[in-house]
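One letter stands for each residue in the lines below.
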Amino acid sequence: VVNPHLFRPDVLTPEQRLADRAALGIPPDAEVIVYLGLLAPYQGTEHLLQALTYLAARRPSVHLLLMGYPNVDRYRDVAQKLGIAERVTFTGRVPYEDAPRRLALGDVAVSPKLSTTEGAGKLLNYMALALPTVAFDTPVSREYLGEHGLYAAAGDSLALTAALEQALAAPNRLALGRRLREHVTRAFPWEGMGRALVGVYESALKIGPIGVPLVGTQAGQAGRGAPGGRPGR
């Protein structure tokens, strides 16, 4: 679930966006791909860097804002060996409260996750920011993005390159982003989930740690039985 009031497209003004990009050393005319999450093989980090290598040969202004941890030094070395070090900005860990501003620096977002069993909460953040989103074609990605995502065959760096280029070059890129935001607010409503969580917490407060109703609550009184020691019915 994502808070659409926190993760929203207008979190930065155009002037703030340029200033924040400049502070990170990103050229003002760059086409920026953003990623925020763990850096690891199962997250497809190597595939992403390889795809950027191919993409840079076709789109000279492309730049990757790679946000997350661990293994920052490892992947910085990979970028250096691939000859794309100047096209990648590594930020390391990003505090949650800074995530909306950082993601708002992107033109498109990417999630090349290879796992077919874990969730992909980062996709919800991308969608709420109205960022056209590229992902490897897995059931999890499809569950989140639906028909509005741009997909590449899982584990295929060339396919990922093509999908990223499609996203960057799409004439309807802004409309695609808006559809993603509409989808996430409709399919994963923040208010509805909030009410559900409150219900869970209220229920938990009435139940002891091993499922025994707590004394003093309505559930506890029912569990103690009827007056005179007779079992409750």
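Residues numbered from 1 in each chain as written. Predicted model: local features only at pLDDT ≥ 70, side-chain atom pairs only at ≥ 80, totals over all residues. Heavy atoms only, no water.

Next up on the list: the overall build of the protein chain. Counting its secondary structure elements, the protein chain contains ten helices and six strands. For the protein chain, with 233 residues in total, the buried portion stands at 44%. Here the contacts in the protein chain between residues at least 6 apart in sequence split such that 70% fall between residues at least 24 apart. (Helix = DSSP H or I, 4+ residues; strand = E, 2+ residues; numbered from the N terminus. Buried < 20%, exposed > 50% of the residue type's maximum accessible area, 1.4 Å probe, protein only. Contact = heavy atoms within 4.5 Å.)

Counting 62 residues, the largest nonpolar core has Ile33, Leu66, Val88, Leu103, Leu160 and Leu164 as its most contacted members. Looking at this core, the element that brings in the most residues is helix α2 (residues 45-58), giving six residues. Contacts of isoleucine 33, omitting those with residues within four sequence positions, involve Leu55, Val62, His63, Leu64, Leu65, Val108, Val110, Leu164 and Leu168. (Core = buried A, V, L, I, M, F, W, Y, C linked by side-chain atoms within 4.5 Å.)

Ordered in space as β3-β2-β1-β4-β5-β6, the six strands form an open sheet in which the pairing is parallel. Edge positions in the sheet fall to β3 (88-92) and β6 (150-152), since each of these pairs with one other strand and no more. Sheet twist, expressed as the average angle between the axes of neighbouring strands with direction ignored, equals 20°. Strand direction decides the pairing type here: strand β5 (residues 133-136) and β6, joined by three bridges, are parallel. When the bridges of β6 are listed, valine 134 appears paired with leucine 150. Its contacts with the sheet put helix α7 (residues 157-169) on β1 (31-36), β2 (62-67), β4 (108-111), β5 and β6, and the angle it makes with β6 is roughly 165°. (Pairing = 2+ DSSP bridges. Axes fitted to C-alpha atoms, helices over the stretch in contact; angles between N-to-C directions.)

Take the packing of aromatic side chains next. Summed over all chains, the structure comprises two aromatic pairs. Note on tyrosine 144 and phenylalanine 188: the rings are 5.8 Å apart at their centroids and 25° apart in plane angle, and the pair reads as stacked. Within this pair, whereas tyrosine 144 is found in helix α6 (residues 139-145), its partner phenylalanine 188 is found in the loop between α8 (173-187) and α9 (190-205), the two being separated by 44 residues in sequence. Residue classification places tyrosine 144 among the buried positions, given a relative accessible area of 16%. (Phe/Tyr/Trp six-rings, centres within 6.5 Å; stacked < 30°, edge-to-face > 60°.)

Right, let's get into the packing of α2 against α7. It is at 8 Å that the axes of α2 and α7 come closest, and there the two elements cross at 55°. Of the possible angle classes, the one that applies to α2 and α7 is oblique. The handedness of the crossing between α2 and α7 comes out as right-handed. Where α2 abuts α7, its residues His47, Leu48, Gln50, Ala51, Tyr54, Leu55 and Arg58 lie against Ser157, Leu158, Leu160, Thr161, Leu164, Glu165 and Leu168. (Parallel < 35°, antiparallel > 145°, perpendicular 65-115°, else oblique. Left-handed = near helix turned anticlockwise from the far one by under 90°.)

For the rest of this paragraph, the subject is the side chain of arginine 87. The topology assignment puts arginine 87 in the loop between α3 (72-82) and β3. One buried charged residue, arginine 87, remains without a salt bridge, the closest side chain of opposite sign being glutamate 86 at 4.1 Å. Not counting residues within four places of it along the chain, the set of residues in contact with arginine 87 comprises Leu52, Ala56, Arg59, Pro60, Ser61, Val62, His63 and Leu64. (Lys, Arg positive; Asp, Glu negative; His and termini not counted. Salt bridge = Lys/Arg side-chain N within 4 Å of Asp/Glu carboxyl O.)

Before going further, it helps to spend a moment on the packing of α2 against α3. Relative to each other, α2 and α3 sit at 25°, their axes nearing to 10 Å. Taken together, α2 and α3 sit at an angle that is classed as roughly parallel. Judged by the twist between their axes, the crossing of α2 over α3 is right-handed. Residue-level contacts link Thr45, Glu46, Leu49, Gln50 and Thr53 of α2 to Arg74, Tyr75, Val78, Ala79 and Leu82 of α3. Looking at the contact of α2 with α3 residue by residue, the class counts come to five nonpolar, three polar and two charged. (Nonpolar A, V, L, I, M, F, W, Y, C, P; charged D, E, K, R; others polar.)

What follows concerns unusual backbone geometry. Note the cis peptide between tyrosine 69 and proline 70, where omega equals -10°. The topology assignment puts proline 70 in the loop between β2 and α3. Even without being a glycine, asparagine 71 presents a positive backbone phi close to 60°. Considering the arrangement of structural elements, one finds asparagine 71 in the loop between β2 and α3. One non-glycine residue, alanine 130, adopts positive backbone phi at about 60°. Among the secondary structure elements, alanine 130 is positioned in the loop between α5 (122-128) and β5. Note on alanine 130: relative accessible area 18%, which makes it buried.

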